[in-house]
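# Chains, contacts and geometry: an overview
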Amino acid sequence: MTSVAERIASSATASTAHSLATTTCDTDLAEPTWVFDALPTYGPGASVADPIPAETPNATRRPGQLPLAYQKMSEEELHARIVAAKEAMGDRLVILGHYYQRDEIVAYADFVGDSFQLANAALTRPDAEAIVFCGVHFMAETADILAREDQHVILPNLAAGCSMADMADEESVEAAWEELAEVYGFDPAQEIDAGWFERNPGVKLPVIPVTYMNSNAALKAFCGRHGGIVCTSSNARTVLEWAFERGERVLFFPDQHLGRNTAKAMGVPLTQMPMWNPRKDLGGNTEADLDAARVILWHGFCSVHKRFTTAQIDAARAAHPDVQVVVHPECPMPVVDAADAAGSTELIRRFVADAAPGSTIAIGTEVNMVNRLAAQHPDKTIFCLDPVICPCSTMYRIHPGYLAWTLDGLVQGEWRNEIHVDPDVATHARIALERMLAAAPQPLTGGAR
Ligand code: SF4
């Protein structure tokens, strides 16, 4: 079994002669899969040696418990088992693969896309009683929230979490809400139900909670209960416009960078975007800061995307004067400002597809996606901005061994690693998701295979 570093390095070499990547960001990722998966140092699921947020020490998913027999299987045997199980299950099974998954997993996916596209894609397969989500925990939760009651959502490895999602937990957000309620003078327990805005036209709430899709189900439910909404990286601007029509300001979590980049593009000054640090009173702000605030940014980030820097962009421009730089809005603001374009994974995919043959494109997002785009467009020079190979290490935890084990379970009538969101949480989370869909209808654009 080759390490992730070897696989990515060989993929990068094959797909682009101009790749700058030569080393990995984390030596742990050079370990064989099962050694890596059992590492006691596993933090909240981040890439690099990301510290577990002090306020959420228990948010970390337990490492997977894959039976030894599956750990010992050859690639050929795992492949044969996955193919046989897919055949046996037929239309009763749909496999979803996130853009950031390794190629050995994407090869088996019926749909490839971002988290929300994939959750929606599952709805197009009404006969599927099993939805196997090859992504991370919050994605499987969203699929379960949107799925029918008789559908089962499976996450092949329960250790596949998301460090960004773990950075905002329900307790810290509830505590922040109570502090904000005191500052702004509202009842923190007031429920703003699904029809509240229609029944109270023109009334503006003091603060609207907005959660990025990359958050746990309890926070989506929190937004559902308090007049809030969910956003994706594709619709963040439309969602903020929706929120500003209904509230004086926004509490945006967990990703500070998506919030800041989006609000800045809408003309909100940085001085009106205080950061909320959950470990400090009033998030580390004064009442005056909060009075003036338009967007209160939670102190969260994606450890994969925060690695991108303006120095990398300068180096890419120096090496390739005609290069176009496109980055994800989870990158820090100076990087987004220095890029030629910034947007969701779907925007990046289209940016590359629409570029003229012969174009040179440097991309600031997860390396598995970059390498796949490079392989799909051999007429263009495509490379990752980061000279260090840094995949999302929790996505990496979905290995064909886990996929084979969960699929074998389905054939035997066992639901292994099922993700089941509490019905009350799901009901409220659905309200926040439905507000998003009403504000920003999203066509299904993830690729079916
Ligand atoms: S790339 Fe970042 S936001 Fe996405 S799953 Fe990995 S850690 Fe979470």
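These figures come from a predicted structure and were not determined experimentally.

With four of five residues buried, strand S13 (residues 360-364) is to be regarded as a mostly interior element. The pairing of S13 with strand S14 (residues 381-384) spans four bridges and is classified as parallel. Pairing of isoleucine 361 across the sheet is with isoleucine 382, part of S14.

As a further point, take the UniProt feature "binding site: iminosuccinate" (unreviewed entry) in the chain. According to UniProt, the positions carrying the feature "binding site: iminosuccinate" (unreviewed entry) are His98, Ser115, Tyr212, Met213, Asn214, Ser233, His328, Pro329, Glu330 and Thr345. Its location among the elements puts asparagine 214 in the loop between strand S6 (208-212) and helix H11 (217-225). Taking the number of C-beta atoms within 10 Å as the measure of exposure, asparagine 214 has 28 and is therefore buried. The residues contacting asparagine 214, other than those within four sequence positions of it, are Phe138, Cys162, Met164, Ala165, Pro254 and Asp255. With respect to the element layout, histidine 328 can be found in the loop between strand S11 (324-327) and helix H16 (333-338). For histidine 328, a count of 27 C-beta atoms within 10 Å corresponds to the buried category. For histidine 328, the residues in contact, after removing those within four places along its chain, are Ser233, His305, Thr345, Ile348, Gly364 and Thr365.

Before going further, it helps to examine the sheet that holds S11. The strand order across the open sheet formed by four strands is S12-S11-S13-S14, and the pairing between neighbours is parallel. In this open sheet, the two edge strands, each paired with only one partner strand, are strand S12 (341-342) and S14. As defined by bridge partners, S11 adjoins S13 across four bridges and the pair is classed as parallel. Bridge assignment links valine 327 to a residue of S13, and that residue is glycine 364. Contacts from helix H18 (residues 367-376) reach S13 and S14, with the element oriented near 170° to S14.

Neighbouring the ligand are 14 residues, the closest being Cys162, Met164, Cys302, Val304 and Cys392. Looking at the shell around the ligand residue by residue, the classes come out as nine nonpolar, four polar and one charged.

Definitions and cut-offs
- Every chain is numbered independently, its residues counted from 1 as its sequence is written.
- Per-residue local features of the predicted model are confined to residues with pLDDT of at least 70, and side-chain atom pairs are confined, for both listing and counting, to 80 or more; whole-chain, interface and lining totals are unaffected and use all residues.
- Partly exposed residues are those falling between the two cut-offs: more than 12 but fewer than 20 other C-beta atoms within 10 Å of their own, whereas 20 or more means buried and 12 or fewer means exposed, with C-beta atoms placed from the backbone.
- Numbering of helices and strands starts at the N terminus; helices are DSSP runs of H or I of at least 4 residues and strands are runs of E of at least 2.
- We treat two strands as partners when DSSP finds at least two bridges between them.
- UniProt positions are given in the numbering used here, feature names are shortened, and annotations may be inferred rather than shown by experiment.
- Here the contact rule is simple: place C-beta atoms from the backbone, and any two residues whose C-beta atoms are within 7 Å are in contact.
- To define axes, lines are fitted to C-alpha atoms, for helices over the stretch in contact only, and angles between the resulting N-to-C directions are given on a 0 to 180 degree scale.
- Here, nearness is defined through the C-beta atom: a residue counts as near a molecule or strand if that backbone-placed atom lies within 6 Å of it.
- Under the grouping applied here, Gly and all other residues not named as nonpolar or charged are polar, the nonpolar ones being Ala, Val, Leu, Ile, Met, Phe, Trp, Tyr, Cys and Pro and the charged ones Asp, Glu, Lys and Arg.

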